[in-house]
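Analysis of the macromolecular model
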Amino acid sequence: MVRETIDRVGVVGAGTMGSGIAQVAAAHDHDVVMRDIREEFVESGFENIDDSLERLVSNETLPEDEAEGVRERIEGTTDLEDLANCDLVVEAALEEMDVKKDVFADLEDVCDDDILLATNTSTLSITSIASDLEHPERVIGLHFMNPVPIMEGVEVVVGEKTTDTATDLAHEFAEGLEKTTWEADDKPGFVTNRILMPWINEGIRAYDEGVATKEDIDVGMELGTNVPMGPLTLADHIGLDVCLHASETLHEELGDRYKPAYLLKRKVEAGDLGKKTGQGFYEYD
Ligand SMILES: NC(=O)c1ccc[n+]([C@@H]2O[C@H](COP(=O)([O-])OP(=O)(O)OC[C@H]3O[C@@H](n4cnc5c(N)ncnc54)[C@H](O)[C@@H]3O)[C@@H](O)[C@H]2O)c1
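Quantities reported herein were computed from a predicted structural model and do not represent experimental measurements.

**What about the state of the cysteines?**
If you walk through the whole model with that rule in mind, you get zero disulfides. For the unlinked cysteine Cys86, the closest cysteine sulfur is that of Cys111, found at 6.4 Å. Taking the relative accessible area as the measure of exposure, Cys86 reaches 0% and is therefore buried. Given the relative accessible area of 5%, Cys111 is considered buried.

This is the structure we're talking about:
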C-alpha cells in the first residue's frame with residue numbers, strides 16, 4: 001500500500017530538474033524539502049527558482065504575492081534526515097545508476113515504508129534502480145520535462161515491481177501539478193528519449209554528411225513536421241553532453257541503431273555543449 005495523501009514533497013537534487021520540480025510542487029500548495037549534497041548546490045537551486053519565479057511575475061503569469069508563497073513553502077537542506085517526514089520523494093540527482101541506487105537505499109532508510117518514491121531518470125531502468133530495495137513496489141519513474149515549470153508533460157514509467165496503486169498515485173500527483181501524463185513500460189528510453197535521441201542523432205548525421213546546412217535541417221523539420229524546434233537547436237537546448245549520455249545508454253541497451261552520431265561525440269569532447277556553454281551547433285550570447 002502507498003500513502004495516498006501527499007502534502008509534504010521531498011526532492012533529491014537541487015539542479016536543473018530538482019529545483020524545477022520543487023518550484024512546481026510548491027506552486028501547487030505542497031510543502032517541499034529540497035535536498036542536495038552541498039550547501040552551495042542548494043543555494044544554486046534557489047537561484048534557479050528565484051529566476052524562474054521572477055520571469056513568471058514579470059510576464060504576468062504569476063502574481064508577486066503567490067511567487068513569495070511558493071518560495072516560502074520550499075525548505076532547502078543538505079541533511080538526509082529532513083526527508084524523513086515526506087509523503088512522497090522525487091529523486092532528480094545525477095543520471096548515474098550507482099548514484100541513484102545509493103540515493104534510494106538512503107531514502108528507504110529514512111522515509112516511511114508506505115510513501116511513493118519516484119525517480120526523474122531520463123533513460124535508466126526503474127527496475128534496476130529499485131532492485132536492491134526491500135520495497136521496490138513503491139518505486140516509479142516520474143519523468144518531468146525541462147524546463148519543469150513550462151513543460152506540460154510528465155512520463156510515468158512503470159517498473160517490473162511497481163504496483164497499480166503506486167502507478168495511479170503517480171498519475172494523480174502529476175495531474176495535481178497541472179501536468180498531463182502518459183505511461184511507459186520500463187524499457188530503455190521509455191517513449192520520449194527512445195524516439196527523440198535517434199531523431200536528434202539523425203539530424204546531426206544529416207548535417208555532418210552535408211545533406212543540408214544546419215539552419216535548413218532545423219527549418220525543414222520545423223516546417224515539414226510541425227515541431228517547435230529542429231534537431232540541432234533542440235540538442236543545443238538540452239545540452240550535447242546530456243544527449244550523448246542518453247544516446248550511449250540507449251546504444252548499450254538497444255544496439256547499433258542507437259549509436260551516437262560521430263559529430264555529437266566530437267562536439268562534447270571539444271567542450272561545445274550547447275546553449276549552456278555558449279557554443280553548440282549554434283553560438284549563443
Ligand atoms: N536536464 C534535463 O533536460 C533533464 C530532463 C529530464 C530528466 N532529467 C533527469 O533528471 C535528473 C537530474 O538532472 P539535472 O539536469 O537536474 O542534473 P543537474 O546536474 O542539474 O543536477 C543534479 C543535482 O543532483 C545533486 N546530487 C548528486 N548526488 C546527490 C545525492 N546523493 N543527493 C542529493 N543530491 C545529489 C547534484 O549535486 C546536482 O545539484 C537526471 O536523472 C536527468 O537524467 C534531466
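**Some remarks on the packing of helix 9 (residues 231-238) against helix 10 (residues 240-254)**
Helix packing for two helices is described by the angle between their axes and how far apart those axes are. With their axes 6 Å apart at the nearest point, helix 9 and helix 10 run at an angle of 100° to one another. Overall, the two elements helix 9 and helix 10 adopt an arrangement that is roughly perpendicular. Residues Ala235, Asp236 and Ile238 of helix 9 lie in contact with helix 10, whose contacting residues are Leu240, Val242 and Cys243. Class assignment of the residues belonging to the contact of helix 9 with helix 10 gives a composition of five nonpolar, no polar and one charged.

**A few points about the UniProt feature "domain: 3-hydroxyacyl-CoA dehydrogenase C-terminal" (unreviewed entry) in the protein chain**
Per the UniProt record, "domain: 3-hydroxyacyl-CoA dehydrogenase C-terminal" (unreviewed entry) is found at residues 189-284. Secondary structure content for residues 189-284 is 62% helix and 0% strand, and the end C-alpha separation is 29 Å.

**Focus: the nonpolar core**
The nonpolar side chains of a soluble globular protein tend to be buried with one another. Counting residues in each nonpolar core, the largest one holds 39 residues, and the members touching the most others are Ile74, Leu116, Leu142, Phe144 and Phe173. Here the element with the most residues in this core is helix 1 (residues 16-27); it accounts for six residues. The contacts of Leu142, once residues within four sequence positions are left out, are Val90, Ala118, Thr119, Asn120, Val154, Glu155, Val156, Ala170, Phe173 and Ala174.

**Brief notes about empty space enclosed by the protein**
Here the structure, examined in full by the defined rule, presents two cavities of 30 Å³ or more. Reported here for the largest cavity is a volume of approximately 40 Å³. As for the largest cavity, its lining consists of Ile126, Thr127, Ala130, Pro136, Val139, Gly159, Glu160, Lys161 and Thr162. For the lining of the largest cavity, the residue count by class is four nonpolar, three polar and two charged. A volume near 30 Å³ is recorded for the second largest cavity. Lining the second largest cavity are Val12, Arg35, Leu80, Leu83, Val103, Asp106 and Leu107. Here the element with the most residues in the lining of the second largest cavity is helix 4 (residues 97-110); it accounts for three residues. The residue makeup of the lining of the second largest cavity, split by class, is five nonpolar, no polar and two charged.

**As for the packing of helix 7 (residues 192-208) against helix 10**
Where helix 7 contacts helix 10, the axes come no closer than 10 Å and their chain directions differ by 110°. By the angle class used here, helix 7 and helix 10 are roughly perpendicular. The hand of the helix 7/helix 10 crossing is left-handed. Residues Asn193, Arg194, Met197, Ile200 and Asn201 of helix 7 touch helix 10, and the partners they reach there are Cys243, Ala246, Ser247, Leu250 and Leu254. Here the contact of helix 7 with helix 10 is composed, by residue class, of six nonpolar, three polar and one charged.

**Let's talk about the layout of surface pockets**
Volume-wise, the second largest pocket comes out at about 480 Å³. Residue lining of the second largest pocket: 18 residues in total, with Asn48, Ser52, Arg55, Pro147 and Pro149 positioned closest to the centre. Put simply, the parts of the chain that give the lining of the second largest pocket at least two residues each are helix 1 and helix 2 (39-58). No other element matches helix 2, which puts seven residues into the lining of the second largest pocket. Looking at the lining of the second largest pocket, its residues break down into six nonpolar, ten polar and two charged.

**Re the packing of aromatic side chains**
One pass over the structure, following the stated rule, counts one aromatic pair. Both rings, one in Tyr207 and one in Phe281, keep their centres 6.1 Å apart while their planes meet at 85°; by these two values the pair is edge-to-face. A residue pair is termed long-range when its members are at least 10 positions apart, and Tyr207 in helix 7 and Phe281 in the segment after helix 11 (262-269) qualify at 74 residues. A relative accessible area of 28% means that Tyr207 is categorised as partly exposed. Directly above the ring of Tyr282 sits Lys214, whose terminal nitrogen or CZ lies 5.3 Å from the centroid.

**Let's talk about the pattern of salt bridges**
In the structure shown here, the tally under the stated rule is 14 salt bridges. Of the charged contacts in the structure, one is a salt bridge between Arg3 and Asp87, with a shortest N-O distance of 2.7 Å. Remark: Asp87 occurs in the loop between strand 3 (74-77) and strand 4 (88-91) and Arg3 occurs in the segment before strand 1 (8-12); sequence separation between them is 84 residues. With a shortest N-O distance of 2.6 Å, Asp50 and Arg71 are connected by a salt bridge. Here Asp50, found in helix 2, pairs with Arg71, found in helix 3 (residues 64-72); they are 21 residues apart in sequence, far enough to count as distant. Owing to a relative accessible area of 28%, Asp50 belongs among the partly exposed residues under this scheme. With a relative accessible area of 29%, Arg71 lands in the partly exposed category. Within this structure, Arg3, Asp87, Asp112 and Asp114 form a network of salt bridges that share partners.

Conventions used here
- Residues numbered from 1 in each chain as written.
- Predicted model: local features only at pLDDT ≥ 70, side-chain atom pairs only at ≥ 80, totals over all residues.
- Heavy atoms only, no water.
- Disulfide = S-S within 2.5 Å.
- Buried < 20%, exposed > 50% of the residue type's maximum accessible area, 1.4 Å probe, protein only.
- Axes fitted to C-alpha atoms, helices over the stretch in contact; angles between N-to-C directions.
- Helix = DSSP H or I, 4+ residues; strand = E, 2+ residues; numbered from the N terminus.
- Parallel < 35°, antiparallel > 145°, perpendicular 65-115°, else oblique.
- Contact = heavy atoms within 4.5 Å.
- Nonpolar A, V, L, I, M, F, W, Y, C, P; charged D, E, K, R; others polar.
- UniProt positions renumbered as here; feature names shortened; annotations may be inferred.
- Core = buried A, V, L, I, M, F, W, Y, C linked by side-chain atoms within 4.5 Å.
- 1 Å grid on protein atoms, 1.4 Å probe; cavity = no way out; pocket = protein on both sides within 12 Å on 5 of 7 lines; lining within 4 Å.
- Points joined across faces, edges and corners; volume = space filled by probe spheres on them.
- Left-handed = near helix turned anticlockwise from the far one by under 90°.
- Phe/Tyr/Trp six-rings, centres within 6.5 Å; stacked < 30°, edge-to-face > 60°.
- Lys NZ or Arg CZ within 6 Å of the ring centre and 35° of its normal.
- Salt bridge = Lys/Arg side-chain N within 4 Å of Asp/Glu carboxyl O.

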